[in-house]
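These are the residues of each chain, in order.
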Amino acid sequence: MEEGLFNKSKIIEYWLKSSDEDFETMLIMFENKKYSWSLFIGHLMIEKLLKAVYVGKKNNHPPFTHNLLRLAQNCSLTINEVDKEFYATVTAFNIIGRYDDYKMSFHQICTKEFAESWIEKIKEKRKWIKEQMK
């Protein structure tokens with residue numbers, strides 16, 4: 001890839017900054033009782049972090065996918081069964097947030113307690129992913 005077309009540090013900075021903005025948005029949405037939207041944004045935040053890791057490790061643009069498990073695997077991150085379940089569930093928040101027929105049923109199960117539990121898991125995973133960039 002030509003030097004001028006791929007600036008690794010700027011691309012990583014872009015993904016990290018966008019992810020940090022989404023993190024704040026996720027918290028604001030939760031505080032305003034928009035629980036399903038907070039989880040949708042949580043997915044985007046994790047996706048962007050993984051894309052930053054991908055760029056850092058692979059020296060290339062990240063793949064065009066929203067599948068968190070696939071992204072994590074492509075980043076060569078250590079993934080156990082709990083991680084697989086996490087990535088699959090949080091990826092589902094993206095799908096559920098995009099399609100009206102799924103949104104209606106998700107709103108019913110997306111209580112404050114449900115969202116709070118998942119946001120805590122998302123926060124923990126965010127911290128772990130950021131540590132993988134060091």
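The following refers to the structure shown. (Residues numbered from 1 in each chain as written. Predicted model: local features only at pLDDT ≥ 70, side-chain atom pairs only at ≥ 80, totals over all residues. Heavy atoms only, no water.)

1. Re the pattern of salt bridges
All chains considered together, the criterion is met by seven salt bridges. The salt bridge partner of E47 is K51, with a shortest N-O separation of 2.9 Å. Taken as a pair, E47 and K51 lie in helix α2 (residues 35-58) at a separation of four residues, close to a single helical turn. Each member of the pair, E47 together with K51, is buried. Ionic pairing is found between D83 and K125, a salt bridge with its closest N-O pair at 2.6 Å. Of the two residues, D83 sits in helix α4 (residues 81-98) while K125 sits in helix α6 (residues 112-132), which places them 42 residues apart along the sequence. D83 gets classed as buried once you look at its relative accessible area, which sits at 12%. The structure contains a network of salt bridges with shared partners spanning D20, R126 and K130. (Salt bridge = Lys/Arg side-chain N within 4 Å of Asp/Glu carboxyl O. Helix = DSSP H or I, 4+ residues; strand = E, 2+ residues; numbered from the N terminus. Buried < 20%, exposed > 50% of the residue type's maximum accessible area, 1.4 Å probe, protein only.)

2. With respect to α2
With 24 residues, α2 ought to run about 34 Å at 1.5 Å a step, and its terminal C-alpha atoms sit 34 Å apart, in line with that. Within α2, 20 of the 24 residues are buried, which leaves it mostly tucked inside the rest of the structure. Positive phi shows up at N59, right after α2, with a value of about 55°. (Expected span 1.5 Å × (residues − 1).)

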